[in-house]
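Residues per chain are reported as follows:
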Amino acid sequence: MVTPMGSERVEMRKRQMQVHQEAAASVLQTQHGMGNTPTNASNACCFCWCCCCSCSCLTVRAEDERIKKNTYERRAEEIANCDDSPKPILEDAMTWTMSFERLMKSSAGRGCFRQFLRTEFSEENMMFWLACEELKKETNKTVVEDKVRQIYKDFISILSPKEVSLDSRVRDVINKNMLEPTSHTFEDAQQQIYTLMQRDSYPRYMNSTAYAELLQDLAEQPPATEP
C-alpha cells in the first residue's frame, strides 16, 4: 500500500523525470539542427556531463572515469559518513533548536541530522551539501573539473538514484556553469537544498523522537572527569 507521502514523492519524481527528459531532447534537437556530423559529435561530447548520449569518447574514457568515481566515492564517504562524526555533548545538542545554521555548523549536529535524513530517505540532500562544501575548498583546476563532473553524476543527473530535487531554474544555471566548471558551479543548487532541509526536514527532526532520545541519553551520561 502506497502512503499519501510516498505517492506524492513518486509523482514528484515522475514530473522531474519528464521535465529533464524534455530538456535533454531539446538540447539534442538543437545539436542536430546545427549539423550532426561525426566531427561535430566528437567535439560536442567533450561537454556531455550528464552521460545521456552515446558519445564515442565516453567509451574511451570509461575505465578512467570508473577509477576516478571509485576514488571520489571513497573520499566522499570519509568526509560525510555520519557514523564517523564526533559524538555530541548535551550543551551542544541543546543549542541545535536555536537555528538550523547552529545545527549545520556543528560537526556532530550534521552527523545526527544526517542519520535522521536517512530514515526519511533524503540523506542525499546532506551528501550533496557536504560534497559542495568540499568542492569549494579545492583550488586545483583539474581536480575541480573532476569533482564537478562526479557531483553532477551523483546528485544532478536524472539517472542517479541519489538525484536531489531542484527546480528548472537552478538546473538551467547548472547546465550553463558546466561549460566552465569552477568550485562554485553548484552554489545555487547547494543553497536551494540547504533551504529545503531548513524548511522541511529540520523542523521534523527537532520534533522527532530521535532528537528527544538523543537529549535524554546525553543527559543521563555521567559528567566527564578531569584526568
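Residues numbered from 1 in each chain as written. Predicted model: local features only at pLDDT ≥ 70, side-chain atom pairs only at ≥ 80, totals over all residues. Heavy atoms only, no water.

Caption draft 1: Structural context of the confidence of the model for the protein chain. On average, the protein chain scores 77 in pLDDT, and the residues at 70 or more come to 61%. The secondary structure element of the protein chain with the lowest average pLDDT is helix H2 (residues 38-44), at 40, and the one with the highest is helix H11 (residues 187-206), at 98. Between residues 26-47, whose pLDDT stays under 50, and residues either more than four places distant or in other chains, the model counts eight contacts. Predicted confidence for residues 71-82 stays below pLDDT 50, and this span has 17 contacts to residues more than four positions away or in other chains. (pLDDT = per-residue confidence, 0-100. Helix = DSSP H or I, 4+ residues; strand = E, 2+ residues; numbered from the N terminus. Contact = heavy atoms within 4.5 Å.)

Caption draft 2: Expanded view of helix H8 (residues 123-137). Compared with an ideal rise of 1.5 Å per residue, which puts 15 residues at 21 Å, H8 spans 22 Å between its outermost C-alpha atoms and is within 8% of the ideal. Burial runs high along H8: twelve of the 15 residues are buried. Buried residues of H8: Glu123, Glu124, Asn125, Met126, Met127, Phe128, Trp129, Leu130, Ala131, Cys132, Glu134 and Leu135, and no others. (Expected span 1.5 Å × (residues − 1). Buried < 20%, exposed > 50% of the residue type's maximum accessible area, 1.4 Å probe, protein only.)

Caption draft 3: Highlighting the pattern of salt bridges. Here the structure, examined in full by the defined rule, presents twelve salt bridges. In this structure, Glu120 and Arg204 form a salt bridge, with 2.7 Å as the shortest nitrogen-oxygen distance. One end of the pair, Glu120, is in the loop between helix H7 (107-119) and H8; the other, Arg204, is in helix H11, with 84 residues separating them in the sequence. Beyond isolated ion pairs, a larger network of salt bridges with shared partners links Arg114, Arg118 and Glu123. (Salt bridge = Lys/Arg side-chain N within 4 Å of Asp/Glu carboxyl O.)

Caption draft 4: Quick peek at the environment of Glu124. By the secondary structure assignment, Glu124 is in helix H8. Judged by its relative accessible area of 13%, Glu124 is buried.

Caption draft 5: Representation of the nonpolar core within the structure. With 40 residues, the main nonpolar core has Trp96, Phe113, Phe128, Ile174, Phe186 and Tyr205 as its most contacted residues. Of all the secondary-structure elements, those providing two or more residues to this core are helix H6 (100-105), H7, H8, helix H9 (141-156), helix H10 (168-177), H11 and helix H12 (209-220). Top contributing element to this core by residue count: H8, with eight residues. Apart from the residues lying within four places of it in its own chain, the contact partners of Trp96 are Pro88, Arg102, Leu103, Ser106, Ala108, Gly109, Cys112, Tyr202, Tyr205, Met206, Tyr211 and Leu214. (Core = buried A, V, L, I, M, F, W, Y, C linked by side-chain atoms within 4.5 Å.)

Caption draft 6: Local environment of the environment of Gln192. With respect to the element layout, Gln192 can be found in helix H11. The spacing of Gln192 and Ser165 is 27 residues in sequence and 9.0 Å in space, taken between C-alpha atoms. Dropping the residues within four chain positions of it, Gln192 is found in contact with Ser165, Leu166, Asp167 and Val170.

Caption draft 7: Just the packing of H10 against H11, in detail. Running from N to C, H10 and H11 point in directions that differ by 150 degrees, and their axes come no closer than 8 Å. It follows from the interaxial angle that H10 and H11 lie roughly antiparallel. Contacts from Arg169, Val170, Val173 and Ile174 of H10 reach H11 at Asp188, Ala189 and Gln192. Across the contact of H10 with H11, the residue classes break down as four nonpolar, one polar and two charged. (Axes fitted to C-alpha atoms, helices over the stretch in contact; angles between N-to-C directions. Parallel < 35°, antiparallel > 145°, perpendicular 65-115°, else oblique. Nonpolar A, V, L, I, M, F, W, Y, C, P; charged D, E, K, R; others polar.)

Caption draft 8: Inspection of unusual backbone geometry at higher detail. With a phi angle near 60 degrees, Phe121 is a residue other than glycine that sits in the positive phi range. Take Phe121: it is sitting in the loop between H7 and H8. According to the relative accessible area criterion, Phe121 is exposed, its value standing at 67%.

Caption draft 9: Structural view of the packing of H8 against H9. Contact pair H8 / H9: the axes reach a minimum separation of 11 Å and the direction vectors enclose 170 degrees. Relative to H9, H8 is oriented roughly antiparallel. Mapping the contact onto sequence places Glu124, Met127, Phe128, Ala131, Cys132, Glu134 and Leu135 in H8 and Val144, Lys147, Val148, Ile151, Phe155 and Ile156 in H9. Of the residues contributing to the contact of H8 with H9, the split by class is ten nonpolar, no polar and three charged.

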